[in-house]
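Take a look at the letters that make up each chain.
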Amino acid sequence: MKFGVLQFPGSCDEVDALQAARRVGDAELLWHGDESLQGVDAIVIPGGFSYGDYLRAGAIARFAPAMESVIAFAADGGLVLGICNGFQVLCEARLLPGALLVNANRRFTCRQVELEVVNGDTPFTRAYTAGTRLSIPAKHSWGRFHAEQRTLQAMEDGGQVVLRYAPGHNFNGSARDIAGVCNERGNVFGLMPHPEHAIDELTGGSADGIKIFESMRTSVSDPAAA
Amino acid sequence: MLIRPKAGILDPQGVAVERALPALGFSGVANVNVGRLVELDLEDPEQLQAMCEKLLANPLVEDYEVQLLEESGHAGGNGRGS
Amino acid sequence: MLIRPKAGILDPQGVAVERALPALGFSGVANVNVGRLVELDLEDPEQLQAMCEKLLANPLVEDYEVQLLEESGHAGGNGRGS
Amino acid sequence: MHPQPPSFDRPGAPAPQPSAEPIPTVEDALALGLTRSEYELLCEKQGAPPNAVELAMYSLLWSEHCAYKHSKKLLRTLPTQGEHVVMGPGENAGAVDLGGDLVCAFKVESHNHPSAVEPFQGAATGVGGIVRDIFAIGARPIAVLDSLRFGEPSGARARYLLDGAVSGIAHYGNSIGVPTVGGELYFEAPYEHNCLINAMALGLARRGDLVRSAAAGAGNALVLLGAATGRDGIGGASVLASSELGGGAAAQGEAAPEHDQDMRPTVQVGDPFEEKKLLECSLELLRSGLLVSLQDLGAAGLTSAAAEMAAKGRVGLEIDVARVPRREPGMAAWEVMVSESQERMLCVVEPADALAVLALCERWEIGGAVIGRVTDDGRLRVLAQGALVGDMPVSALVDECPLYDLAPRKPPAPLYPPPRATLAAEATPAAALLALLRSGNICSRRPLYEQYDAIVQSRTVRRPEQADAAVLALPDGGGMAVSIDGNGRRVAADPYRGTVEAVLECAANLACAGAQPLGATNNLNFGSPEKASIAWQLGESVRALGDACRALGVPIVGGNVSLYNEGPTGPIYPTPVIGMVGRLPDVRRAGRLGFQRSGDEIALVGPFAPALPASELAKLRGEPLPDGLAALELEAVIAAQAAVREAVRANALASAHDIAEGGLAVALAECCLSGHLGAQVELGDELFARCGTQPGEPSASWCALFGEGPGGFLVSGPAQALSELGRCTSLVRLGTVGGGELRIALAGTRLSLSLDELGNAHASLGELFA
Ligand SMILES: Nc1ncnc2c1ncn2[C@@H]1O[C@H](COP(=O)(O)OP(=O)(O)O)[C@@H](O)[C@H]1O
Ligand SMILES: [Mg+2]
């Protein structure tokens, strides 16, 4: 099982994501300018400030040559995980519904937050059970998830709301406390908090995030079990 | 290009400006909205719409308005700062 | 209010957008500048200049331009996005 | 493919000859900040009066900022040698050995004056500058710390500066993926007009990957990397605009620039995205072995980068300003040479590698241009499209600026007015404790540090407020601790002892984390050294810095000096800021400051002798600064630090925290708040004896609770562990951890506050970021 971590100019958490992926499988960096995805089994779009987050977070990155390939990869059912800036890129690329807006508190905020697993049946969360609480660091200034009411309702009904901030932890003002969402098909997942930082109690405040990578490995090696 | 947050979507920057103004002695201000202004010289104005929709604005959350200026001047305004 | 980076002052956003555009298939674009757009309803337009200088713009790095609109409409532009 | 040919030669260029242009006069030199005798000296070194390009370059390199005219002699007294030193002062950053093959590069720098003009950009570019210093020596930047000083937070200006500076640091540090892991913040009236923004950065490198900045190899190419050059930061030199030159009006160099003051921005705008690309590109160039040497562009831009690279390598350099990518049209040669545009690096490359270097620049989407070459004649030559427009001996530029002796004199009368009283005279001890916790210098920094990404790169083992020092994990299972400290008010009360205390506080913070110091850096923020009283502060402070570091066995591997920090109401508090880096053998045992377990015992460790003068309580009461601080037992303090460090390393203690601002009572409250646990303690006669008072005296309780001084630690742990620690150092048992409140009993009185009351008071900084 090999993860590809997509690096843009301005990516910051690509090495963290690489380390997390390597705890459960092989992983290598992919370069934004290359069309080839090097035959990887799953894609991680890491956090950071691709293209400086200028204009809008993720707005420029989504046009990178590698993103064309990622869009095709997703259309084929490949697993794509977007973390923080990666989530923003996936929304900009319309691989995920909604948009991410400036935090309600207007400030970059770096804080350990608690999350609730809403849907434990996605290829990214199968190692959790629904209702589990996770402690994972979040750090961003554009993390307020927004979608129209109709869309939100459809997402809830379709199991696309995968993670929610626990009560009191939604500092960015996301609609319905949404922290992570997937597409209808369930193979593209984005979240603002950083599971790749929560793989070791020592530096992450918990190891709760590693199960996202474990879930992905299981989903790739044993798709039938999903 | 003038790019604005869509109506109905919380604009925390606008809210913050609105809240800060009275403390500075300004009153009677309402409906503050903060958006973006993108200015560029373009050979082929036909590209503009595509550029806005693909890149400069996110139609899910933003409205945009295009003002074309012949040559490179600024839109004539009623006032002008330093 | 249209707030722009002052001439001669680095506009990192403009530089980044300009550099990215050709890769996205847009050509012939130059002098990209990214600024801010602040819109508000105001009872007393006399306050505007002071407001810009004290809060809305940073006169050290930004120029501002004020456009007054009667009622609450938008400046008529040559184009209008969704 | 490349617009610039990757070689630098001048086929068919006109024979170098000075172009006709007005020669600046001595008045121009004075306007640029040189003295008459300095001007005469440089004419002599030059062999003729310098032209505008040359004068611009001399005036910057002979400025206080670049030449350390008033501090160099003092700095030479500092200890810079030690077994762990890999790079001492002189390179872009110092470096110490971490064991194995690893080294840590670090340095602190100030951006005080730009931040006072525009705090957001000033602070942002301050971070950008110090981070470039780190990757300039080939280390990957892994952490930033910030040290901030503003006027009292009740003032609108202090709040504006605070908000802007913190946002600027956050914007820059977060965007380049370097965690900001710690720092410090003080509010004092003397910083009202002249805030201090110091930033420290750390980097990690394999020993063999370090690179120096010395240019070498005549014929090698000089390549400028990064952003295009604009008219940034040349305001001071603007008298050189030809229209303003001593009467002459002819254009010089290139086309006459038709700019007015408006076009020479006083504010430099940082572009963290450009820096991030520049950082990755530079490290990749080094990894690929493509660079002979590397240097960042900071103050005085190309001028100082080129002159220093040439001086260190004992070579000459030739630069053609026409090859320098510009952001603006019509820049004069001297403008290009002195521009302080951000996010640029200069490197020396063998001609055969130039194409590969430019190709990597293209991959990372940064600018790259061959702008000159290395020569062997020890001269710095500036060309404009091949025509010679400046020609100077490198040694004169870099090494021959006159150095001055200070004329120190202890001020006969106090320099600083007493602070405004904010605590009622009849306040109870409980009210005073809450007032202290709420006060700007003591309240929780959480609303500030939450704006910083503290965890990117996955090394941060102790985030702010988890331990006294930030702790970073290293690949070998060990760790590194880092702290930055400097209490200007105490240095103002006693420049010698206050500075010793700052060094000790840094080392104490490391000890609480379990780290042994390896090296230190410092930033000397002072007023005008030309005033006798400031010269005295500076001299005493540097003497103390050297003495304290020698006593600790900690070499100083780098630093920075920022002088002339004065406002209309007078000089700032003398503020030496010390940054210290240490090593932990096992990062899983890094100390914590908060209480961990109910039932643990609490003890006071070390030769702590509290005193109220110059304390935070004295400030809240509006008391004037004392003339001098109490003497301290340096050796005993250092021994206590060693004992605490060993106990933390042995995993014997649950928590360790040094006693600083606000004294014992505040330290107890901090341990409670950080650990979400209460405590019951009783302060007995032993402590009153330390205050030099009897329990009955009215001031005794206040001194025991809130008195300050170096050498005190609050530790908690099992009774057995404390007994063992007590065998190595002085230890007084105070009480036990547990419950939902902090209860302190002393001399018949009793103070009791719930964790909520303490926490609410401690959270006051949030109001400043509303
Ligand atoms: N300006 C700042 N930036 C980031 N962290 C800070 C800043 N100021 C203080 N902190 C953090 O807050 C905590 C408490 O700071 P402080 O009271 O200054 O500690 P100390 O007294 O031990 O020097 C430390 O973890 C410190 O690193
Ligand atoms: Mg301390």
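It should be emphasised that the depicted structure is a prediction, and the values quoted were computed from it without experimental measurement. (Residues numbered from 1 in each chain as written. Chains lettered and ligands numbered in written order. Predicted model: local features only at pLDDT ≥ 70, side-chain atom pairs only at ≥ 80, totals over all residues. Heavy atoms only, no water.)

Novice: How should I be thinking about the overall build of chain A in this particular structure?
Specialist: In terms of helices and strands, chain A carries six helices and eleven strands. A total of 226 residues make up chain A; the buried ones form 67% of that total. Of the contacts made within chain A by residues no fewer than 6 positions apart, 73% connect residues no fewer than 24 positions apart. Surface accessibility of chain A: about 7200 Å² in total, with carbon and sulfur atoms responsible for 45%. Averaging the locations of the 19 positively and 26 negatively charged side chains of chain A gives two centres separated by 6 Å. (Helix = DSSP H or I, 4+ residues; strand = E, 2+ residues; numbered from the N terminus. Buried < 20%, exposed > 50% of the residue type's maximum accessible area, 1.4 Å probe, protein only. Contact = heavy atoms within 4.5 Å. Areas by Shrake-Rupley, 256 points an atom, 1.4 Å probe, with all protein chains shown as cover. Lys, Arg positive; Asp, Glu negative; His and termini not counted. Charge placed at Lys NZ, Arg CZ, Asp CG, Glu CD.)

Novice: What exactly am I supposed to notice about the overall build of chain B here?
Specialist: Assigned secondary structure in chain B consists of two helices and four strands. Every one of the 82 residues in chain B was classed for burial, and the buried ones make up 44%. Taking the contacts inside chain B whose residues are at least 6 apart along the sequence as the reference set, 57% of them involve residues at least 24 apart. A total of about 4100 Å² of accessible surface is found on chain B, and carbon and sulfur atoms cover 49% of it.

Novice: Could you clarify how one ought to interpret the site of ligand 1 in this entry?
Specialist: All names here are of chain D. Residues in close proximity to ligand 1 total 17 residues, the closest being Asp 146, Gly 183, Glu 184, Glu 465 and Asp 485. Here a nitrogen atom of ligand 1 and a backbone polar atom of Glu 184 are 3.1 Å apart. Contact distances for ligand 1 include 2.8 Å between an oxygen atom and a side-chain N or O atom of Asp 485. Here ligand 1 loses 88% of its free accessible area of 540 Å² to cover by the protein chains. Elements with a minimum of two residues in the shell around ligand 1: β4 (140–150), β5 (180–187), α15 (446–449) and α17 (495–513). Among the elements that take part in the shell around ligand 1, β5 stands out by supplying four residues, more than any other. Tallied by class, residues from the shell around ligand 1 come to seven nonpolar, three polar and seven charged. (Near = heavy atom within 4 Å. Polar contact = N/O pair within 3.5 Å; in protein donor to acceptor, adjacent residues only side chain to side chain. Nonpolar A, V, L, I, M, F, W, Y, C, P; charged D, E, K, R; others polar.)

Novice: I tried to follow the pattern of salt bridges on my own but got confused; where do I start?
Specialist: All names here are of chain D. Taken as a whole, this structure holds 62 salt bridges over all chains when the rule is applied. Notably, a salt bridge pairs Glu 501 with Arg 490, separated by 2.6 Å at the nearest N-O pair. Pair noted here: Glu 501 is in helix α17 and Arg 490 is in helix α16 (residues 488–493), with a separation of eleven residues, a long-range link. For the pair formed by Glu 501 and Arg 490, the shared burial category is buried. Among the salt bridges present, the one from Asp 494 reaches Arg 497, with a minimum N-O distance of 3.6 Å. On the basis of relative accessibility, which here comes to 10%, the residue Asp 494 falls in the buried class. Each of Glu 318, Arg 373, Asp 377, Arg 379, Arg 381 and Asp 391 takes part in a single network of salt bridges with overlapping partners. (Salt bridge = Lys/Arg side-chain N within 4 Å of Asp/Glu carboxyl O.)

Novice: I keep staring at the packing of aromatic side chains and nothing clicks. Help me out?
Specialist: Describing an aromatic ring pair means giving the distance of the ring centres and the angle of the ring planes. Residue and element names in this part refer to chain D. By the definition in use, this model includes eleven aromatic pairs over all chains. Taking 5.8 Å as the distance between ring centres and 35 degrees as the angle between the ring planes, the aromatic pair formed by Trp 702 and Phe 706 counts as tilted. Placement of the pair is Trp 702 and Phe 706 together in helix α23 (residues 698–706), with a separation of four residues, close to one helical turn. Accessibility assignment for this pair places Trp 702 and Phe 706 in one class, buried. (Phe/Tyr/Trp six-rings, centres within 6.5 Å; stacked < 30°, edge-to-face > 60°.)

Novice: How should I be thinking about the sheet that holds strand β11 (residues 367–375) of chain D in this particular structure?
Specialist: In a beta sheet, neighbouring strands pair by backbone hydrogen bonds and run either parallel or antiparallel. All names here are of chain D. Spatially, the seven strands line up as an open sheet ordered β8-β10-β7-β11-β9-β12-β13, and their pairing is mixed. Whereas interior strands pair on both sides, the edge strands pair on one side only; in this sheet they are β8 (293–296) and β13 (387–393). Between one strand axis and the next, the sheet turns through 25 degrees on average, direction left out of account. Along the sheet, helix α10 (residues 301–313) contacts β7 (221–226), β8, β9 (316–320), β10 (344–349), β11 and β12 (379–384); its crossing angle with β10, the most-contacted strand, is approximately 30 degrees. (Pairing = 2+ DSSP bridges. Axes fitted to C-alpha atoms, helices over the stretch in contact; angles between N-to-C directions.)

Novice: Explanation requested: helix α24 (residues 719–728) of chain D in the structure shown.
Specialist: Note: α-helices contain 3.6 residues per turn, so residues at a spacing of three or four share the same orientation. All names here are of chain D. Listing the buried residues of α24 in full gives Ala 721, Leu 722 and Leu 725. Each buried residue of α24 sits inside an arc of 95 degrees when the element is viewed along its axis, so together they form one side. Turned more than 90 degrees from where α24 packs its buried face, Gln 720 and Arg 727 sit exposed. (Arc of directions from axis to C-beta.)

Novice: Teacher, can you tell me more about the relation of the copies chain C and chain B here?
Specialist: Each of the two chain copies can be generated from the other by rotation about an axis followed by a shift along it. Superposition record for chain C on chain B: RMSD 0.5 Å, screw rotation 179 degrees, translation along axis 0.1 Å. Taken together, the rotation and translation relating the two chain copies correspond to the operation of a two-fold axis. Within chain C, Arg 36 of chain C has its C-alpha nearest the rotation axis, a separation of 2.0 Å. Most of the interface of chain C is mirrored in chain B, where 100% of its interface residues again form contacts. (Least-squares fit on C-alpha atoms with pLDDT ≥ 70 in both.)

Novice: Would you mind going over the interface of chain C and chain B with me for this structure?
Specialist: Interfaces are often sized by the accessible area lost when the parts come together. On the chain B side, the residues contacting the 46 residues of chain C number 48 residues. When chain C packs against chain B, close to 4000 Å² is buried across both sides, 54% of that on carbon and sulfur atoms. Listing elements by their share of the side of chain C that touches chain B, those giving two or more residues are β1 (2–5), β2 (29–42), α2 (48–56), β3 (62–66) and β4 (79–80) of chain C. Among the elements that line the side of chain C that touches chain B, the one with the most residues is β2 of chain C, at 14 residues. Looking at the side of chain C that touches chain B residue by residue, the classes come out as 22 nonpolar, 14 polar and ten charged. Bridge count for strand β2 (residues 29–42) of chain B against β2 of chain C is eleven bridges, and the pairing is antiparallel. Note on β2 of chain C: the bridge partner recorded for Leu 37 of chain B is Gly 35 of chain C. (Buried area = accessible area lost by both parts, 1.4 Å probe.)

Novice: I keep staring at the interface of chain C and chain D and nothing clicks. Help me out?
Specialist: In this complex, chain C contributes ten residues to the contact, which on the side of chain D involves 17 residues. Roughly 1100 Å² is buried in total at the junction of chain C and chain D, and carbon and sulfur atoms are behind 63% of that figure. A per-residue breakdown of the area chain C buries against chain D is headed by Leu 10, Arg 19 and Leu 60 of chain C, which together make up 45% of the total. For the pair chain C and chain D, the interface holds zero salt bridges. Where chain C packs against chain D, one counts three residue pairs in polar contact (both at pLDDT 80 or more). Of the residues assigned to the side of chain C that touches chain D, the class counts are seven nonpolar, two polar and one charged.

Novice: Honestly, the environment of Ala 430 of chain D in this entry has me stumped. Any pointers?
Specialist: All names here are of chain D. With respect to the helices and strands, the residue Ala 430 is situated in helix α14 (residues 429–438). Residues Ala 430 and Arg 750, spaced 320 residues apart in sequence, show a C-alpha to C-alpha distance of 8.9 Å. Setting aside anything within four residues of it in sequence, one finds Ala 430 in contact with Leu 751 and Leu 753.

Novice: Whenever I open this one, the sheet that holds strand β4 (residues 79–83) of chain A confuses me. Can you help?
Specialist: All names here are of chain A. If you walk across this open sheet you meet the nine strands as β2-β1-β3-β4-β11-β10-β9-β6-β7, and the pairing is mixed. Bordering the open sheet on either side are β2 (26–31) and β7 (133–140), each of which pairs with just one other strand. Taken over all neighbouring pairs, the strand axes of this sheet differ in orientation by 25 degrees on average, direction set aside. Helix α3 (residues 85–92) contacts β3 (42–45), β4, β10 (178–182) and β11 (188–191) of the sheet and is inclined by roughly 120 degrees relative to β4.

Novice: Please clarify how the coordination of the magnesium ion (ligand 2) should be interpreted in this entry.
Specialist: Any two of four tetrahedral donors ideally make an angle of 109.5 degrees at the metal, while pairs among six octahedral donors ideally make 90 or 180 degrees. All names here are of chain D. Of the protein atoms, only Glu 505 (OE), Asn 509 (OD1) and Asp 658 (OD) coordinate the magnesium ion (ligand 2), at distances of 2.2 to 2.5 Å. Read N to C, the donor residues that coordinate the magnesium ion (ligand 2) are spaced as E-x3-N-x148-D. Within this pair, whereas Glu 505 is found in helix α17, its partner Asp 658 is found in strand β23 (residues 655–658), the two being separated by 153 residues in sequence. (Donors = N, O, S within 2.8 Å, 3.2 Å for Na, K, Ca; no water.)

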